[in-house]
Amino acid sequence: MPRKCLVINIDRCTGCDSCIVSCKFENHLPLGTFYNRVMQVGPTGTYPNIERYNLPVQCQHCENPQCVSVCPTEASHKLPDGTIQIDKSKCIGCQFCAMACPYGVRVQIEKTGVIEKCRFCWYEGQPGNPPRCVNTCVS
């Protein structure tokens, strides 16, 4: 079965944060909580050859996810399509997955105590319906 993935051309990312805003809106995230972010890397080099680029960071839905292997309740699990999902009814908020994630994209929702992340909101796998962050990208 093919794996779902996001391919981001960092040469085209302007750092506008529209992906962050649309994700927050789509997932009803509280103030200060993000499933994705855009890091500014640089400036590097010496004048006049100075560079800076924007690096979008979100769950990579890893092939061998450490977040899944450390979860004591199996709330974090990998689906056949390659996406890493969280069963909110099993999550005990221990934060093992957040500590194991090399990308630092797991967040604890204060209201529920559940650890959340990008769920690849692919609208139940409907072809032609990319995640909201993709639809709002201006690049």
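Let us look at the structure shown here.

Scoring rules and cut-offs
- Residues numbered from 1 in each chain as written.
- Predicted model: local features only at pLDDT ≥ 70, side-chain atom pairs only at ≥ 80, totals over all residues.
- Heavy atoms only, no water.
- Salt bridge = Lys/Arg side-chain N within 4 Å of Asp/Glu carboxyl O.
- Helix = DSSP H or I, 4+ residues; strand = E, 2+ residues; numbered from the N terminus.
- Buried < 20%, exposed > 50% of the residue type's maximum accessible area, 1.4 Å probe, protein only.
- Phe/Tyr/Trp six-rings, centres within 6.5 Å; stacked < 30°, edge-to-face > 60°.
- Lys NZ or Arg CZ within 6 Å of the ring centre and 35° of its normal.
- Core = buried A, V, L, I, M, F, W, Y, C linked by side-chain atoms within 4.5 Å.
- Contact = heavy atoms within 4.5 Å.
- Polar contact = N/O pair within 3.5 Å; in protein donor to acceptor, adjacent residues only side chain to side chain.

### Structural notes on the pattern of salt bridges
For the coordinates displayed, the defined rule picks out two salt bridges. K88 is the salt-bridge partner of E116, the closest N and O atoms lying 3.3 Å from each other. One end of the pair, E116, is in strand 6 (residues 115-116); the other, K88, is in the loop between strand 4 (84-86) and helix 3 (96-100), and 28 residues separate them in sequence. Classification of E116 as buried rests on a relative accessible area of 11%. Taking the relative accessible area as the measure of exposure, K88 reaches 52% and is therefore exposed.

### With respect to unusual backbone geometry
In this model, G42 is joined to P43 through a cis peptide bond whose omega is 5°. Considering the arrangement of structural elements, one finds P43 in strand 1 (residues 37-46). Residue Y47 is joined to P48 through a cis peptide bond whose omega torsion reads 5°. When you line up the elements, P48 lands in the loop between strand 1 and strand 2 (49-57). Phi at H61 is positive, roughly 45°, even though this residue is not glycine. Among the structural elements, H61 can be located in the loop between strand 2 and helix 2 (66-69). We note that E74 has phi near 65°; this positive angle belongs to a residue other than glycine. Examined against the element boundaries, E74 turns out to sit in the loop between helix 2 and strand 3 (76-78).

### Looking at the packing of aromatic side chains
Within this structure, the stated rule accounts for zero aromatic pairs. The ring of F34 has K24 lying over it, and the distance from NZ or CZ to the ring centre is 4.6 Å.

### Quick word on the nonpolar core
The biggest cluster of nonpolar side chains holds eleven residues, and these are C23, L29, Y35, V57, C59, C101, V105, V107, I109, C118 and F120. Other than its neighbours up to four places away in sequence, C118 contacts Y35, C59, H61 and I84. By size, the runner-up hydrophobic cluster in this structure holds eight residues, among which are C67, C71, C91 and V114.

### Comments concerning the side chain of T83
Along the chain, T83 falls in the loop between strand 3 and strand 4. Within the structure, the side chain of T83 is placed 3.1 Å from the side chain of Q85, a separation counted as a polar contact. When near neighbours in sequence (up to four residues on either side) are disregarded, T83 contacts K4, H61, H77, K78 and F120.

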